[in-house]
Amino acid sequence: MSIAGNITNLKNETDREGVILLAVSKTKPIEDILEAYTAGQRIFGENQVQELVDKYEKLPKDIEWHLIGHLQSNKVKYIAPFISMIQSVDSLKLLQEINKQALKNDRVIDCLLQIYIADEETKFGLGFDEAIELLRSDEFAQLKNIRIRGLMGIATNTDNEKQIGEEYYELDTFFKGIKLSFYRKDKAFDTLSMGMSSDYKIAIEKGSTMVRLGSTIFGSRVVKHWKLN
Ligand SMILES: *Cc1c(COP(=O)(O)O)cnc(C)c1O
């Protein structure tokens, strides 16, 4: 199946479920992204700042770019002018820097708190308690140029579907709790980003509102850096 064909099929599937499709284009060349764009896809995700900035400059300006990878505070300034959503917020310090750069650009930047749900030490993210502590803090209350739209999580990389289902169930439960406790009246707190190519059907079953699909759309990724292709 072609990239365009994959987009058409996956959009049908996610539209039917009322779920947003984020196309993860990391490591993929401009031509592949344009093929998806021409098929109607407008929301793309990248995990590296430099690659994201390069692609932003070369591609149509009505693309909504989401950052889904770990973000260092000193790199926020490069994406602050144009980023649609930063899904990988994992500390108050990072959020403060995003707020500062958003203010400089006279913007409010949408963010998701990345929550640690996997049974793996390699993944980033806030623990449940840390996320609550962040949302309760006085420092957080002062940030006027960021808007928390919801939560993001990555399940354990395993074939064990029961475990993946439990991790996504816990994240959905936490999401609903946070909404009740902190965002009861805020319609903008509406995004639960969970599900990748290997597990998105499980994630949708457990309440995902946005799936992040890379290889299902673009084919498997080679390990080498996209610029060397
Ligand atoms: C790479 C990546 C994805 C997409 O992975 P696929 O398995 O190719 O769908 C989704 N989310 C994050 C955070 C990623 O880094």
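Residues numbered from 1 in each chain as written. Predicted model: local features only at pLDDT ≥ 70, side-chain atom pairs only at ≥ 80, totals over all residues. Heavy atoms only, no water.

Remarks on the side chain of Glu 120
Thinking step 1. Inspection of the secondary structure assignment puts Glu 120 in the loop between strand E5 (109-115) and helix H6 (128-136).
Thinking step 2. At a separation of 2.6 Å, a polar atom in the side chain of Glu 120 contacts the main-chain amide nitrogen of Asn 157. (Helix = DSSP H or I, 4+ residues; strand = E, 2+ residues; numbered from the N terminus. Polar contact = N/O pair within 3.5 Å; in protein donor to acceptor, adjacent residues only side chain to side chain.)

So, the pairing of strand E4 (residues 85-89)
In summary, the side chains of a regular strand alternate between the two faces of the sheet.
Thinking step 1. Extensive coverage of E4 is indicated by the burial of five of its five residues.
Thinking step 2. Taken together, the two bridges between strand E3 (residues 64-67) and E4 define a ladder with parallel strand orientation. The residue of E4 that forms the bridge with Leu 67 is Ile 86.
Thinking step 3. What joins E4 to E5 is helix H5 (residues 92-104), and the crossover it makes is right-handed. (Buried < 20%, exposed > 50% of the residue type's maximum accessible area, 1.4 Å probe, protein only. Pairing = 2+ DSSP bridges. Right-handed = clockwise from strand over helix to strand, strands pointing away.)

Focus: the site of the ligand
Thinking step 1. The immediate surroundings of the ligand are formed by Val 24, Lys 26, Ile 68, Ile 154, Met 196, Ser 197, Arg 212, Leu 213, Gly 214, Ser 215 and Arg 221.
Thinking step 2. Within the contact set of the ligand, an oxygen atom lies 2.5 Å away from a side-chain nitrogen or oxygen of Ser 197.
Thinking step 3. Contact distances for the ligand include 2.8 Å between an oxygen atom and a backbone N or O atom of Gly 214.
Thinking step 4. For the ligand, the protein covers 90% of the area, taking 390 Å² as the surface of the free molecule.
Thinking step 5. Of the residues that constitute the shell around the ligand, the class distribution is five nonpolar, three polar and three charged. (Near = heavy atom within 4 Å. Areas by Shrake-Rupley, 256 points an atom, 1.4 Å probe, with all protein chains shown as cover. Nonpolar A, V, L, I, M, F, W, Y, C, P; charged D, E, K, R; others polar.)

Side note on unusual backbone geometry
Thinking step 1. At Thr 27, a residue that is not glycine, the phi angle is positive and equals roughly 70°.
Thinking step 2. With respect to the helices and strands, Thr 27 occurs in the loop between strand E1 (20-24) and helix H2 (30-38).
Thinking step 3. Classification of Thr 27 by relative accessible area gives buried; the value is 18%.
Thinking step 4. Of note in this structure, Asp 106 is not a glycine but carries a positive phi near 55°.
Thinking step 5. Along the polypeptide, Asp 106 turns up in the loop between H5 and E5.
Thinking step 6. Assessed through its relative accessible area of 70%, Asp 106 is described here as exposed.

Comments concerning the packing of H6 against helix H8 (residues 161-182)
Thinking step 1. Viewed as axis vectors pointing N to C, H6 and H8 meet at an angle of 20°, and their least axial separation amounts to 12 Å. One element, H6, and the other, H8, form an angle in the roughly parallel class. Remark: the crossing between H6 and H8 carries right-handed chirality. Two secondary-structure elements touch here, H6 through Phe 128, Ala 131, Ile 132, Leu 135 and Arg 136 and H8 through Glu 170, Phe 174, Ile 178 and Phe 182.
Thinking step 2. Residue composition of the contact of H6 with H8, grouped by class: seven nonpolar, no polar and two charged. (Axes fitted to C-alpha atoms, helices over the stretch in contact; angles between N-to-C directions. Parallel < 35°, antiparallel > 145°, perpendicular 65-115°, else oblique. Left-handed = near helix turned anticlockwise from the far one by under 90°. Contact = heavy atoms within 4.5 Å.)

Digging into the side chain of Arg 149
Thinking step 1. Structurally, Arg 149 is set in strand E6 (residues 146-153).
Thinking step 2. Given a relative accessible area of 15%, Arg 149 falls into the buried group.
Thinking step 3. For Arg 149, the side chain forms a polar contact with the side chain of Asp 110, separated by 2.9 Å.
Thinking step 4. Excluding residues that lie within four positions of it along the chain, Arg 149 makes contacts with Met 85, Asp 110, Cys 111, Leu 112, Ala 188, Phe 189, Asp 190 and Thr 191.

Things to note about the nonpolar core
Thinking step 1. Among the nonpolar cores identified, the biggest contains 63 residues, and Ile 79, Leu 95 and Ile 98 are the most heavily contacted of them.
Thinking step 2. Discounting residues that sit within four places of it in the chain, Ile 98 has contacts with Val 76, Ile 86, Val 89, Ile 109, Cys 111 and Ile 146. (Core = buried A, V, L, I, M, F, W, Y, C linked by side-chain atoms within 4.5 Å.)

So, the packing of aromatic side chains
Thinking step 1. Counted under the stated rule, the structure contains five aromatic pairs.
Thinking step 2. Ring geometry for Tyr 183 against Phe 189: centres 4.3 Å apart, planes inclined by 5°, an arrangement best described as stacked. No difference in accessibility class separates Tyr 183 from Phe 189, as the two residues are buried.
Thinking step 3. Pairwise contacts between aromatic rings join Phe 175, Tyr 183 and Phe 189 into one cluster.
Thinking step 4. Looking at Arg 42, its charged tip hangs above the ring of Tyr 37, at a distance of 3.6 Å from the centre.
Thinking step 5. Between the NZ or CZ atom of Lys 61 and the centre of the ring of Tyr 56, over which it lies, the distance is 4.8 Å. (Phe/Tyr/Trp six-rings, centres within 6.5 Å; stacked < 30°, edge-to-face > 60°. Lys NZ or Arg CZ within 6 Å of the ring centre and 35° of its normal.)

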